Amino acid sequence: MQDIVSSHTISVLVDNEPGILARVVGLFSGRGYNIESLTVAETDAKERLSRITIVTKGTPMIIEQIKAQLDRLVPVHRVRDLTVEGPHIERELALVKVKSTGEKRVEALRLADVFRAKVIDAKTDSFVFEVTGSSDKVQTFVGLMESLGVVDIGRTGIVAMSRGGEPL
Amino acid sequence: MKPEESATTGADLLVKALIDEEVEVVFGYPGGAVLPIYDSLFKQNRLRHILVRHEQAAVHAAEGYARSTGKVGVVLVTSGPGATNAVTGLTDALMDSIPIVCLTGQVPTHMIGNDAFQEADTTGITRPCTKHNYLVKAVGDLARTVHEGFYVARSGRPGPVVIDLPKDVLMNKHDYVAPKMPVQHKSYRPQVKPELKKVEQAIEMIANAKRPIIYAGGGVINAGPRASKLLTQFTRLTGIPITNTLMGLGSFPASDKQFLGMLGMHGTYEANLAMYHCDVMINIGARFDDRITGKLAEFSPKSKKIHVDIDPSSINKSVRVDLPIIGDAGQVLDDMLRIWKAKQPKLDQKALKAWWAEIEKWRARDCLAYKQGKETIKPQFALERLYHHIKDKDHYITTEVGQHQMWAAQFLKFEQPNRWMTSGGLGTMGYGFPAAMGVQIAHPDALVIDVAGEASILMNIQELSTVAQYHLPVKIFVLNNHYMGMVRQWQELLHGGRYSESYSDSLPDFVKLAEAFGAVGLRTGDPSELDGVIKEMIKIKKPVIVDVLVDEKENCFPMIPSGAAHYDMLLGPEDKAAKPISEEGMVLV
Ligand SMILES: Cc1cc2nc3c(=O)[nH]c(=O)nc-3n(C[C@H](O)[C@H](O)[C@H](O)COP(=O)(O)OP(=O)(O)OC[C@H]3O[C@@H](n4cnc5c(N)ncnc54)[C@H](O)[C@@H]3O)c2cc1C
Ligand SMILES: Cc1ncc(C[n+]2csc(CCOP(=O)(O)OP(=O)(O)O)c2C)c(N)n1
Ligand SMILES: [Mg+2]
């Protein structure tokens, strides 16, 4: 039981100051923790706060350590483990460039429609699709596109939020 | 008033801010990037600057100062090599939770990132070895950053803070605004008051224990001398046996019958067996270090564990505990004492008596026994004699790292907190001598002794020049076994006695070395002369190096080999053949 490794999505509210990302990333690499996905951007310009969303993996004891270690960084305001603190939603965005012609091009467009991916750039021999959704959905879309001429992929990593009216 | 008309430069501001933080001493070494600060220091007489001879020593001196006073130690070094030289000291302070503020010079802001002369990415390099660090980019932020830095260094679990100061920031002008004390930090507010409910639960667990033990560590020292007093009261009130970590020595009087000595790798038989067999463990301010736990799977398997710590990341880090209590050790002990007195719980006296009887049996093993002959001085004997002569004097002990350090922990008795400075977590050879300088600066009239090994002392020996300059009568008591003894001991145990590179060859003549720096050198290898030499050392009001030639072959026991369990202790040289070290143990340090 204690050794079961599971994935956790952790939201961290931090001061948006130089070096903060290095602090967080350095903590993970220095202590040998995994980062499966990490996103960061300023979310409160007035208070100069950023929100970091980290997906990490570990035994319950390691996850507990990760949260405690994050929380003791001086510029960290709050650490929340969305995975254990009730239901939450996760979204990821990907840009997928497909270069193909003929039947493959048509099939790509058709699949994009099924996944509700938007065409945000089009040339006669290429498309750039924008797809959002759970990581699973994005992964499936990217996987399907593989055989249809994918030449470039960009993914944001996961952003997440708890359900209901409570803030972080 | 426009900024350029205000009289204060960044450097002056910095000095003002330090004075407002009640700083008295700065340990430092100058260079181009910090010249404005040295100029400001020159023009005032509130702050005393101690010029060390290597920046690593500046940090260790500040650590000694901090640990012996409870104040924040302050360091000032230049950019580039000044900052990189300080890194070992900073890491040491981080590992041992010592409050330090280290001011580093930096190239001017417009040159940062250009590989400028003596530029180093100081905040980048020191990020993993500080509690927090800052790069001040505008003079307007300087004073506030300094005050915040002191707050961070001393609050919660203490630690080192670096403040990187570009030269233009030091020369630009700005008005000084005195800080509002105490600093209100927007995100860093460690919990110091424990949850009362948890303390009540702890008291209940202790009251129902049959084989309890208190395991107290450096956190009690961090919590201030009052915490040690409370710990002593609580321990005596309950009659529970107590052991200390290396970092916790002095938090409970060593001469007390309830004290089982240090625990862990080189801890006593009784302390380690009591930890193994206890049913309730009360950890106060200790972090289940691997020197303590040995083989994790067999660490105190039958006990319920209470863990009092100010840092939530210390909880369940390596050992899972049953009742964590987050808070300052002093405050928690306050509550524990109060609740205990109010509830007056009845410990099972019969069980406690039986527990003590068992402990006394282990104690009777006399695990620290050694045989002193007529020919050579045993290191243990040297320390026992040293203690005999200093015990009634106001004294402080620092150490280097190695066998001598462990013997010092075993054979010197610490009756009070803040009297024992040693590098525990990082194990930094070269720590003890500069740390002793820092202690001596803080306590000019006390007897300050660095218990050293002949190898370690060479790592910061240049500081003889500093003690000469400031007339610091620090005593260096070298247990000279002509070996990196601790390394040799492991080679004996793990590598078939192949003493690869662990012989201390080409040592200096320590007596002449002392004399070259205006200090006094003494030497003896004769057990019958030892007392006389120690007495003379104490009498001399100057720095002294005592070169004590000790038995070269002596090893430090007891020893729990790495990866072994508490009951697998080696009690003496005869033991090692019987118990080969496991392969898992071989890879551990
Ligand atoms: C050669 C060598 C051999 C060694 N052998 C041994 C040995 O045999 N036995 C031994 O004990 N050590 C030994 N050590 C030292 C060991 O490596 C550790 O440094 C030491 O055991 C840690 O002590 P500690 O657990 O008291 O923790 P510290 O490092 O002192 O940490 C203090 C703990 O208390 C907490 N704390 C801080 N402030 C407060 C507060 N105000 N209130 C509450 N909690 C607070 C901190 O968060 C932390 O968890 C050895 C070191 C060397 C170099
Ligand atoms: C800076 C540093 N380098 C290496 C070590 C590894 N080390 C630990 S103890 C030791 C030998 C110390 O020898 P000495 O100072 O003579 O002490 P003794 O063990 O002989 O008492 C060494 C090399 C260390 N702790 N610190
Ligand atoms: Mg030696």
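Refer to the preceding data block for the structure.
Structure report, in brief. (Residues numbered from 1 in each chain as written. Chains lettered and ligands numbered in written order. Predicted model: local features only at pLDDT ≥ 70, side-chain atom pairs only at ≥ 80, totals over all residues. Heavy atoms only, no water.)

Among the structural elements, Lys131 of chain B can be located in the loop between helix H5 (122-126) and strand E5 (132-135). The buried charged residue Lys131 of chain B lacks any salt bridge partner; its closest oppositely charged side chain belongs to Asp311 of chain B, at an N-O distance of 8.3 Å. Side-chain polar atoms of Lys131 of chain B contact the backbone oxygen of Val152 of chain B, separated by 2.7 Å. Apart from the residues lying within four places of it in its own chain, the contact partners of Lys131 of chain B are Val74 of chain A together with Leu94, Val152, Ser155, Arg157, Pro158, Gly159, Pro160 and Tyr188 of chain B. (Helix = DSSP H or I, 4+ residues; strand = E, 2+ residues; numbered from the N terminus. Buried < 20%, exposed > 50% of the residue type's maximum accessible area, 1.4 Å probe, protein only. Lys, Arg positive; Asp, Glu negative; His and termini not counted. Salt bridge = Lys/Arg side-chain N within 4 Å of Asp/Glu carboxyl O. Polar contact = N/O pair within 3.5 Å; in protein donor to acceptor, adjacent residues only side chain to side chain. Contact = heavy atoms within 4.5 Å.)

All names here are of chain B. Distances from the magnesium ion (ligand 3) to its protein donors, Glu454 (OE), Glu454 (OE), Asn481 (OD1) and Tyr483 (O), fall at 2.1 to 2.7 Å. Seen from the magnesium ion (ligand 3), its six donor atoms lie at angles of 52 to 173°, and the figure they make is irregular. Read in sequence order, the donor residues coordinating the magnesium ion (ligand 3) give the pattern E-x26-N-x1-Y. Highlighted residues: Glu454 in the loop between strand E15 (447-453) and helix H18 (464-469) and Asn481 in the loop between strand E16 (475-480) and helix H19 (485-494), separated in sequence by 27 residues. (Donors = N, O, S within 2.8 Å, 3.2 Å for Na, K, Ca; no water. Tetrahedral: all angles 85-135°; square planar, octahedral: opposite > 155°, others 65-115°.)

On to the packing of aromatic side chains. All names here are of chain B. Per the counting criterion, the structure on display carries 16 aromatic pairs over all chains. Considering the side-chain rings of Tyr370 and Phe411, the 5.8 Å spacing of their centres and the 80° angle between planes classify their relative orientation as edge-to-face. Taken as a pair, Tyr370 in the loop between helix H14 (349-364) and helix H15 (379-390) and Phe411 in helix H16 (residues 403-411) lie far apart in primary sequence, 41 residues in all. Plain terms: the ring middles of Tyr483 and Tyr503 are 5.2 Å apart, the flat faces sit at 75° to each other, and that makes the pair edge-to-face. Note that Tyr483 is positioned in the loop between E16 and H19 and Tyr503 in the loop between H19 and helix H20 (510-516), a separation of 20 residues in sequence. Taking the relative accessible area as the measure of exposure, Tyr483 reaches 13% and is therefore buried. (Phe/Tyr/Trp six-rings, centres within 6.5 Å; stacked < 30°, edge-to-face > 60°.)

Listed per partner, the contact involves 17 residues of chain A and 20 residues of chain B. Between chain A and chain B, the buried area comes to about 1,600 Å², and carbon and sulfur atoms account for 50% of it. In terms of surface lost to chain B, no three residues of chain A exceed Arg23, Met61 and Val74 of chain A, which account for 40% of the buried area on that side. Here chain A is connected to chain B by three salt bridges. (Buried area = accessible area lost by both parts, 1.4 Å probe.)

We now examine the pairing of strand E1 (residues 25-29) of chain B. Residue and element names in this part refer to chain B. For E1, a buried count of four out of five residues is recorded, marking the element as mostly surrounded by other parts of the structure. Pairing analysis gives four bridges linking E1 to strand E2 (residues 48-51), with the strands arranged parallel. Across the sheet, residue Phe27 finds its bridge partner in E2, namely Ile50. Handedness of the crossover is the feature at issue here: the chain leaves E1, passes through helix H2 (residues 35-42), returns alongside E2, and the resulting connection is right-handed. (Pairing = 2+ DSSP bridges. Right-handed = clockwise from strand over helix to strand, strands pointing away.)

Residue and element names in this part refer to chain B. The N-to-C vectors of helix H3 (residues 55-69) and helix H4 (residues 81-95) enclose an angle of 30°; their axes lie 7 Å apart at closest approach. As judged from the angle between their axes, H3 and H4 are roughly parallel. Crossing hand, H3 versus H4: right-handed. Counting all contacts with H3, which are made through Glu55, Gln56, Val59, His60 and Glu63, the residues of H4 involved are Gly82, Asn85, Ala86, Thr88, Gly89, Leu90, Asp92 and Ala93. (Axes fitted to C-alpha atoms, helices over the stretch in contact; angles between N-to-C directions. Parallel < 35°, antiparallel > 145°, perpendicular 65-115°, else oblique. Left-handed = near helix turned anticlockwise from the far one by under 90°.)

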